[in-house]
Amino acid sequence: MKGIYPEWSILVTLVMVGTQKESGLSEVIGFILIIAILVIIGSLYVTYVVPAHGREAEIDHMTYIKNQFIDFKMALDSLWVNGQINTTLSQNIEMGTIGQKTQGDFVFLPLAQPVGSAGRMEINTSADSGTIDVKIIGLIKSHTDGAGSSSSISGSSQITVNPDIYRQMLIYQTQYPVSIVNMVRIPITDTNIPTIPNDFTNNQSLSYHLMDIYPKSSISPDKANWSVSINLTRVPSFYITNSTGNASKFSTPNDNWAGYMRANYRYDLVMSLVKRNATMNYQVFQNFTLNSSDTKISEFWINLQDPAYGLDAQGPVIIKDSLANVYTGTLNITPNYDIDLNTAINQTTINNAIRSSYPESTQSTGSVPMGNFSYTATNYYWIPQQYCYQLGGVSLVQNDTAVSKVLPLITLGVDKNSSTSHPFISITRLRITGVEGNVAGSTPVQITSRVTGIRKGILSSGSTKYDIAPLSENAKTVEIIINSPDIGVINRWKNIFNSTKTDANMTSGFNTSWANITPGENTVKLTVTDPSSSDYNVTVDYSEVDAVINLQPVGWQGS
């Protein structure tokens, strides 16, 4: 057949070759289609699944950060609430999601797992973080601690308490009724006593006899076993200065400086107590200080039932002033409110007695940096967020808006101790001090914190301290002014004030007319007052806390 039909042989060969070429082409096309499908699946995974995993990891991490900040807030609060000074707390917080389980299924491909986020821990103690100014119009007097009103409180590592708080506590701890206590009014009427204790121009005396107190033995002979002498005494507080006013001069050997000792005087109300038995007299107290003042005030009050005085004053007494005028009265445990300023013996409540020693005054802390402790997240798949700890509160900041997760240490309410409804405000001015700094990255960071100073019932204005009367209805107006060049900080505090006001109205029945919020360009002010009255209708509970926070990277530890 080859010889006869050669064209058939050629045709069969061509057909066979064409069939083989078409078979190979279909396999190549099929392989390309499979690759294309895999690429599409991989692209969909990277486009949708990986960001979803990253978003979930970043949301979980921000929830973790929120819980860590709330734990930090509670731990630091526990220190100052319990009066723990210079007790250090440590806490580790992971920054970023590197330690989180963010990888996808295709772990061998870098693109198949989310990019780990990072973060930045920062401590800002400057005025840029926001300043607070607390202004109180109320019953306030200069604080006397024995070192003079000009003594510095910077670096204080002690708890400073208004002494009248202790006086109230002593009353409540005795066996006598809480509201009925025996008070003796000691008037300071001698015009020869200088108004200012440092004034020795016309009177050189250091001590002035005011009165004597002793039992009225004819009525109660079994109590006639003591006598008390009350004096007003000038007490010096000594200090050394130099001609240049440079304290470092004192530590320089052989330096030519003119050092000399000076004294600032104050008035102390002192008591000398003598007790007697059947055979002899014996001294119990000599020049025992009952109260102090930087100036001559019109009157002092002492509680004869205070066990610290040792007077045993549960019966009739006789009181003689410096001119031998005798005032008599009956001390008993009956609710006989005899407030006669012409007599020296009175029965009143401890609150009224303390109130009489506090003049009306307007005092302000001035603009003091609050300090700010924050974590800023660099989120790639979720909204960029920042958690801030400031003035004892925790706030979440995102997209130029802020939400308070835990309100700061400012509480509004209704004074329950008053016969009528009056506003109550509690302020704890917690100030973050220490060295500014930040730690950035994705490794854990250690936060150490400690409380360095606590001042209860005391308002600090620079280095000067003032006692706020520890009473109900002790103020007319309280203002809290926040200043910051950052409009975000101002908006955050505006929201905080609104939330505090709303929360107080819902939980305690706080009248919203008692609080007014005034925003400005770089400031926002909260004013608490009772517009229905110009009297002392506001109860303010004020404290100051100094806290130091430090940051230290510790290296990645995993989750």
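Residues numbered from 1 in each chain as written. Predicted model: local features only at pLDDT ≥ 70, side-chain atom pairs only at ≥ 80, totals over all residues. Heavy atoms only, no water.

A separate point is the overall build of the protein chain. The secondary structure content of the protein chain amounts to four helices and 29 strands. Counting every position in the protein chain, which comprises 559 residues, the buried fraction comes to 43%. In the protein chain, once contacts between residues fewer than 6 apart in sequence are set aside, the share between residues at least 24 apart is 74%. About 28000 Å² of surface is accessible on the protein chain, with carbon and sulfur atoms providing 54% of the total. (Helix = DSSP H or I, 4+ residues; strand = E, 2+ residues; numbered from the N terminus. Buried < 20%, exposed > 50% of the residue type's maximum accessible area, 1.4 Å probe, protein only. Contact = heavy atoms within 4.5 Å. Areas by Shrake-Rupley, 256 points an atom, 1.4 Å probe, with all protein chains shown as cover.)

Tallying each qualifying case throughout the model produces seven salt bridges. In this structure, the salt-bridge partner of Glu360 is Lys476, at a minimum N-O distance of 3.0 Å. Taken as a pair, Glu360 in strand 14 (residues 360–364) and Lys476 in strand 26 (residues 475–483) lie far apart in primary sequence, 116 residues in all. Taking the relative accessible area as the measure of exposure, Glu360 reaches 46% and is therefore partly exposed. You can call Lys476 partly exposed: its relative accessible area is 21%. Linking Arg429 and Glu544 is a salt bridge whose minimum nitrogen-to-oxygen distance equals 3.7 Å. With a gap of 115 residues between them, Arg429 in strand 21 (residues 423–433) and Glu544 in strand 29 (residues 539–553) connect regions that are remote in the sequence. Taken individually, Arg429 and Glu544 each receive the classification buried, so the pair is uniform in this respect. (Salt bridge = Lys/Arg side-chain N within 4 Å of Asp/Glu carboxyl O.)

Here the focus is unusual backbone geometry. Comment: phi is negative for the bulk of residues other than glycine, and the bulk of peptide bonds are trans. At Leu391, a position not held by glycine, the phi torsion is positive, near 55°. On the secondary structure map, Leu391 appears in the loop between strand 17 (386–390) and strand 18 (393–398). With a relative accessible area of 0%, Leu391 lands in the buried category. At Glu473, a position not held by glycine, the phi torsion is positive, near 55°. In this structure, Glu473 sits in the loop between strand 25 (464–468) and strand 26.

Let us now look at the packing of aromatic side chains. As enumerated under the stated definition, the model contains eight aromatic pairs in all. Ring centres of Phe69 and Tyr387 lie 6.3 Å apart, and the angle between their planes is 40°; this geometry places the pair in the tilted category. Of this pair, Phe69 sits in helix 1 (residues 6–81) while Tyr387 sits in strand 17, and the two are 318 residues apart along the sequence. In this structure, Phe69 and Tyr387 share a single accessibility class: buried. An aromatic cluster is defined as three or more aromatic residues linked by ring pairs; in this entry it consists of Phe69, Phe72, Phe373, Tyr387 and Tyr389. Across from the ring centre of Tyr358, 4.5 Å away, lies the NZ or CZ of Lys141, which sits over that ring. Seen from the ring of Tyr536, Lys476 lies directly overhead, with NZ or CZ sitting 5.1 Å from the centre. (Phe/Tyr/Trp six-rings, centres within 6.5 Å; stacked < 30°, edge-to-face > 60°. Lys NZ or Arg CZ within 6 Å of the ring centre and 35° of its normal.)

So, on to the pairing of strand 2 (residues 118–124). By the bridge criterion, seven bridges tie strand 2 to strand 16 (residues 372–378) in an arrangement that is antiparallel. Along strand 16, the bridge assignment pairs Asn124 with Asn372. Pairing geometry for strand 2 and strand 22 (residues 437–441), over five bridges, is antiparallel. Within strand 22, the position partnered with Glu122 by the bridge is Asn438. (Pairing = 2+ DSSP bridges.)

What follows concerns the sheet that holds strand 19 (residues 401–406). Across the sheet, which stays open at both edges, the six strands sit in the order 19-18-17-16-2-22 with antiparallel pairing between neighbours. A single partner strand is all that each edge strand has here, and the edge strands are strand 19 and strand 22. For this sheet, the mean inter-axis angle between neighbouring strands, taken without regard to orientation, is 15°. (Axes fitted to C-alpha atoms, helices over the stretch in contact; angles between N-to-C directions.)

A contiguous nonpolar patch, built from Val28, Phe31, Ile32, Ile35 and Val39 and spanning about 460 Å² of accessible area, is present on the exposed surface. You can see Val39 is positioned in helix 1. (Patch = residues over 30% accessible without salt bridge, like charges linked within 9 Å, V, L, I, M, F, W, Y side chains within 5 Å.)

With that settled, consider the environment of Asn287. Position of Asn287 relative to the elements: it lies in strand 9 (residues 281–293). A C-alpha to C-alpha distance of 5.2 Å links Asn287 and Ser272, two positions 15 residues apart in sequence. Here Asn287 is in contact with Val270, Met271 and Ser272, once residues within four sequence places are set aside.

Core analysis: the largest hydrophobic core is formed by 34 residues, its most contacted members being Ile136, Ile425, Ile480, Trp493 and Phe497. For this core, the element with the most residues is helix 4 (residues 487–508), which contributes six residues. In this view, Ile136 contacts Ser361, Thr362, Gln363, Leu459, Ile468, Ala475, Thr477, Val478 and Val540; residues no more than four positions away in its chain are not counted. Counting 30 residues, the second largest nonpolar core, distinct from the first, contains Ile123, Leu409, Ile447 and Leu551. (Core = buried A, V, L, I, M, F, W, Y, C linked by side-chain atoms within 4.5 Å.)

Another point: the environment of Pro51. With respect to the element layout, Pro51 can be found in helix 1. What makes Pro51 partly exposed here is its relative accessible area of 25%. In this structure the C-alpha to C-alpha distance between Pro51 and Trp382, which are 331 residues apart in sequence, comes to 9.0 Å. Setting aside chain neighbours within four positions, we find Pro51 in contact with Tyr45, Val46 and Tyr381.

Let us now look at the side chain of Gln68. On the secondary structure map, Gln68 appears in helix 1. For Gln68, a relative accessible area of 14% corresponds to the buried category. With residues near it in sequence (within four places) discarded, Gln68 still touches Gln91, Asn92 and Ile93.

Take the confidence of the model for the protein chain next. Averaged over all residues, the pLDDT of the protein chain is 77; the fraction at 70 or higher stands at 70%. For residues 100–106, every residue scores under 50 in pLDDT, and the model assigns this stretch 19 contacts once sequence neighbours within four places are set aside. A low-confidence stretch, residues 145–156 (pLDDT under 50), is modelled with 21 contacts involving residues beyond four sequence positions or located in other chains. (pLDDT = per-residue confidence, 0-100.)

Our next topic: helix 4. With 22 residues, helix 4 extends 31 Å from end C-alpha to end C-alpha; this agrees with the ideal 32 Å at 1.5 Å per step. Residues Val489, Ile490, Arg492, Trp493, Ile496, Phe497, Thr500, Lys501 and Ala504 constitute the buried set of helix 4. The N-terminus of helix 4 is capped by Asp486, whose side-chain oxygen sits 2.9 Å from the backbone nitrogen of Gly488. Looking one or two residues past helix 4, Gly509 carries a phi angle of roughly 80°, positive in sign. (Expected span 1.5 Å × (residues − 1). Polar contact = N/O pair within 3.5 Å; in protein donor to acceptor, adjacent residues only side chain to side chain.)

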